[in-house]
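Chain and residue survey
The residues making up each chain are set out below.
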Amino acid sequence: MEGNWDGSTEILWGGETRRFRLGIGELKRVESIASLGIFEVMRRLTIGSATVSEIRAVLKYGLEGGGANANDAELDVRRYFDAAPKDISITVAAAVVANALLAPEGYDPATGKVMGGGGTSPQTDGSPSP
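First, a word on scope: everything that follows refers to the structure included in this document. (Residues numbered from 1 in each chain as written. Predicted model: local features only at pLDDT ≥ 70, side-chain atom pairs only at ≥ 80, totals over all residues. Heavy atoms only, no water.)

Examining the pairing of strand E3 (residues 16–20)
Just so we agree on the cut-off: One requirement defines pairing of two strands: DSSP has to find at least two bridges between them. Helical segments are the DSSP runs of H or I of at least four residues, strand segments are the runs of E of at least two, and each set is numbered from the N terminus.
Pairing of strand E2 (residues 9–13) with E3, which is carried by five bridges, proceeds in the antiparallel orientation. Across the sheet, the residue bridging to threonine 9 is phenylalanine 20, located in E3. Hairpin connection, E2 to E3: the antiparallel pair is bridged by two residues, and glycine 14 has positive phi, about 70 degrees.

Following this line, the structure appears as structure tokens:
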């Protein structure tokens with residue numbers, strides 16, 4: 001499968017598959033809320049030391065970047081993060097940031113395309129390892 005890489009991913013979260021994407025604008029919003037660079041946010045998500053505000057920002061802005069309107073994104077975050085166990089959402093947030101920052105297997109920087117059978121980006125099904 002070939003395609004243009006845009007940093008998006010589809011992840012099972014809250015009982016359905018949702019599209020997440022952190023573009024430059026969304027990444028800046030996460031950094032602003034975290035008062036940290038995005039690679040530090042990714043590290044903190046990966047080791048389990050991210051704050052609730054950081055996780056929440058990644059999920060909300062990731063949904064918005066993936067095409068959800070702001071109200072729907074906020075409702076989903078309230079329902080599936082605020083009022084739910086946090087462990088699945090931490091894993092999802094880590095995968096969302098990783099997909100935004102890390103080149104997937106087969107990525108050709110000269111063309112901006114992903115070559116081979118790997119799809120456009122790594123994905124997770126909400127399991128403990130992104």
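Here the narrative resumes, following the displayed structure.
Quick word on unusual backbone geometry
Spelled out, the test is: Burial classes follow relative accessibility: with a 1.4 Å probe on protein chains only, a residue under 20% of its type's maximum area counts as buried, one over 50% as exposed, and anything between as partly exposed.
One non-glycine residue, serine 35, adopts positive backbone phi at about 55 degrees. Secondary-structure assignment places serine 35 in the loop between helix H1 (24–34) and helix H2 (38–47). The class for serine 35 is exposed, based on a relative accessible area of 64%.

As for the pattern of salt bridges
Condition: Whenever a carboxyl oxygen of Asp or Glu lies within 4 Å of a side-chain nitrogen of Lys or Arg, that contact is scored as a salt bridge.
Here the structure, examined in full by the defined rule, presents eleven salt bridges. With a shortest N-O distance of 2.8 Å, arginine 56 and aspartate 82 are connected by a salt bridge. In this pair, arginine 56 sits in helix H3 (residues 52–65) while aspartate 82 sits in helix H4 (residues 70–82), placing the two residues 26 residues apart along the sequence. You can call aspartate 82 partly exposed: its relative accessible area is 36%.

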